[in-house]
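Below, each chain spelled out in residue letters.
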Amino acid sequence: MYLILNKQNIIAEISEHSVYVRHQDNGVDILSDKEHADIIYSNDTDTYYPCGEYTLINVEALPERVTEGYYYHGGKAYTNGNPLITLIRAKTPRQGELILMQTENIENALCDMDMAAEQRISDIENALCDIDIGGTE
């Protein structure tokens, strides 16, 4: 079994069939040793991971609860915080941060828009009440 870890030692993928690959000048990718490899290839998910950003580790076994997003250090896996956020950071370290920041900004903007819309509705209701009151006198 193999773990593919990002630079923060977060498990990006757990796979049974991962290999080091080198891209040749003629455009053909070949199996490689770690020293000469450009990428790590996971045959399980057909995913490529750049060697400078990710590391491949061979492990005998992991507890069943361990999944992508866990922190791996010293032969042990640890959970940390929200699993969805951790998984996003594991799969795309830089882009994940941007996605999370943009999501928070969007949520804040939607909340502000919702509050403004509620205020407008309240103003309209008050104006209609004023018209009704004014029309019955």
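Residues numbered from 1 in each chain as written. Predicted model: local features only at pLDDT ≥ 70, side-chain atom pairs only at ≥ 80, totals over all residues. Heavy atoms only, no water.

**Some thoughts on the pairing of strand β6 (residues 47-50)**
- In the sheet, strand β5 (residues 39-42) pairs with β6 via 4 bridges, with the strands oriented antiparallel. Looking across to β6, one finds that Ser42 is bridged to Thr47. (Pairing = 2+ DSSP bridges. Helix = DSSP H or I, 4+ residues; strand = E, 2+ residues; numbered from the N terminus.)

**Thoughts on the side chain of Ser15**
- Tracing the sequence through the fold places Ser15 in strand β2 (residues 11-15).
- One polar contact links Ser15 to Ser18, side chain to side chain, over a distance of 2.3 Å.
- In contact with Ser15, not counting residues within four places along its chain, are Met1, Tyr2, Ser42 and Asp44. (Polar contact = N/O pair within 3.5 Å; in protein donor to acceptor, adjacent residues only side chain to side chain. Contact = heavy atoms within 4.5 Å.)

**A word on the sheet that holds β6**
- Overall, antiparallel pairing links the 4 strands, which are arranged β4-β3-β5-β6 in an open sheet. One side of each edge strand has no neighbouring strand; the edge strands of this open sheet are β4 (29-31) and β6. Taking the axes of each pair of neighbouring strands and ignoring which way they run, one obtains an average angle of 40 degrees across the sheet. (Axes fitted to C-alpha atoms, helices over the stretch in contact; angles between N-to-C directions.)

**Notes on unusual backbone geometry**
- In this structure, Asn9 takes a positive phi of about 65 degrees despite not being glycine.
- The topology assignment puts Asn9 in the loop between β1 (2-6) and β2.
- In the Ramachandran plot, Asp46 falls in the positive-phi region, its phi being about 55 degrees despite a non-glycine side chain.
- Along the chain, the position of Asp46 falls in the loop between β5 and β6.
- When its relative accessible area of 51% is taken as the criterion, Asp46 is described as exposed. (Buried < 20%, exposed > 50% of the residue type's maximum accessible area, 1.4 Å probe, protein only.)

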